[in-house]
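# Structure at a glance
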Amino acid sequence: MSAAAAACLLAAFGLFGGIFYANNMAVDTVVDIDVNPSIQISTNKKDVVLKVDALNSDGEAVLDGMNLKNADIKVAVNAIIGSMVRCGYLTDADNGILVSVHNEDTNRALGIRNEILADIDSSLKENHIEASVINQTVTDRGIGIIRSIVC
């Protein structure tokens, strides 16, 4: 009887542990922001940042001293765009941004993309920068590309 109870308890912990891991620790979405600094943000299903990686040396300069782990994706995007402006990578003369959102769920990828574009728009307006934003969603079904101008 105690062995059966222990097995049930172990199964319950395994189930809840798996759900906890899938929602909080596993990468659900990857967002790439490319200006020339290239930065990649990995988030969980709750849009909380798990890690931010600089993909080149300019990206390292933008992220210098920032710890964005456990931040909301909106906070991370705002901080990154603000740092790109402060470091001189985004100006009125040099203003192209490529945003790529990778998620297996097309609707989720589109929703996250729209939130990120709104955050970028807000951050650029705060910094009085006009930029051309090319964005795409990447799923196992293919790539959707949209070009927009953000003022």
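Higher on the page you've got the structure.
Residues numbered from 1 in each chain as written. Predicted model: local features only at pLDDT ≥ 70, side-chain atom pairs only at ≥ 80, totals over all residues. Heavy atoms only, no water.

### A few points about the packing of helix 3 (residues 73-86) against helix 4 (residues 106-126)
Under the convention used in this document: Axes here mean lines fitted to C-alpha atoms, for a helix over just the part in contact, with angles spanning 0 to 180 degrees between N-to-C directions. We count a stretch as a helix when DSSP gives it H or I for four or more residues in a row; a strand needs E for two or more, and each element gets its number in order from the N terminus. For classification purposes, an angle smaller than 35 degrees is called roughly parallel, one larger than 145 roughly antiparallel, one from 65 to 115 roughly perpendicular, and anything else oblique. Handedness of each helix crossing follows the sense of rotation of the near helix against the far helix: counterclockwise by less than a right angle gives left-handed, clockwise gives right-handed. Every residue pair with non-hydrogen atoms within 4.5 Å of one another is taken to be in contact.
Relative to each other, helix 3 and helix 4 sit at 40 degrees, their axes nearing to 9 Å. Regarding the angle of helix 3 to helix 4, the classification is oblique. When you trace helix 3 past helix 4, the crossing you get is right-handed. Across the interface between the two elements, Ile73, Lys74, Val77, Asn78, Ile81 and Gly82 of helix 3 pack against Glu115, Ile116, Asp119, Ile120, Ser123 and Leu124 of helix 4.

### Quick notes on the nonpolar core
Note on soluble globular proteins: their nonpolar side chains tend to be buried together. Spelled out, the test is: Here, nonpolar core means buried Ala, Val, Leu, Ile, Met, Phe, Trp, Tyr and Cys residues that are tied together by side-chain atoms lying within 4.5 Å of each other. Residue burial is assigned from relative accessible area. The probe radius is 1.4 Å, only protein chains are included, and a residue is buried under 20% of its type maximum, exposed over 50%, and partly exposed in between.
Counting residues in hydrophobic clusters, the biggest one holds 30 residues, and the most contacted among them are Val31, Ile41, Met84, Ile97, Val99, Ile116 and Ile120. Looking at this core, the elements with two or more residues in it are strand 1 (29-34), strand 2 (38-43), helix 2 (57-63), helix 3, strand 4 (96-102), helix 4 and strand 5 (131-139). No other element matches helix 3, which puts seven residues into this core. Not counting the four nearest positions on each side in its chain, Ile41 is found in contact with Thr29, Val30, Val31, Ile33, Val49, Lys51, Val52, Ile73, Val77 and Ile80.

### Description of helix 3
For clarity, the cut-off: Each helix should span, by expectation, one fewer than its residue count multiplied by 1.5 Å.
Here helix 3 contains 14 residues, and its C-alpha end-to-end distance of 20 Å stays within 8% of the 20 Å for a straight helix at 1.5 Å per residue. Buried within helix 3 we find Ile73, Ala76, Val77, Ile80, Ile81, Gly82, Ser83, Met84 and Val85. Elements that come into contact with the buried residues of helix 3 comprise strand 1, strand 2, strand 3 (49-54), helix 2 and helix 4. Once helix 3 finishes, Gly88 follows within two positions and takes phi at roughly 85 degrees, a positive value.

### Details of helix 4
The test is simple: For this quantity, the arc is that covered by the directions from the helix axis to the C-beta atoms.
Between its terminal C-alpha atoms helix 4 stretches 30 Å, which fits the 30 Å expected from 21 residues at 1.5 Å a residue. Along helix 4, the residues that are buried comprise Ala109, Ile112, Arg113, Ile116, Leu117, Asp119, Ile120, Ser123 and Leu124. The buried residues of helix 4 all sit within an arc of 165 degrees when viewed along its axis, so they share a single face. More than 90 degrees from the buried face of helix 4, the exposed residues found are Asn107 and Glu126. His128, located one to two residues past helix 4, shows a positive phi value of around 55 degrees.

### A closer look at the pattern of salt bridges
Our working definition: Just to be clear on terms, a salt bridge is a Lys or Arg side-chain nitrogen sitting within 4 Å of an Asp or Glu carboxyl oxygen.
Within the structure shown, the criterion is met by four salt bridges. Two residues, Arg108 and Asp47, come together in a salt bridge whose shortest N-O distance is 2.9 Å. One end of the pair, Arg108, is in helix 4; the other, Asp47, is in the loop between strand 2 and strand 3, and 61 residues separate them in sequence. The salt bridge partner of Lys51 is Asp53, with a shortest N-O separation of 3.7 Å. In this structure Lys51 comes out as partly exposed when scored by relative accessible area, which is 43%. Judged by relative accessible area, Asp53 falls into the partly exposed class, the value being 26%. When salt bridges that share partners are traced, they join Asp28, Asp47 and Arg108 into one network.

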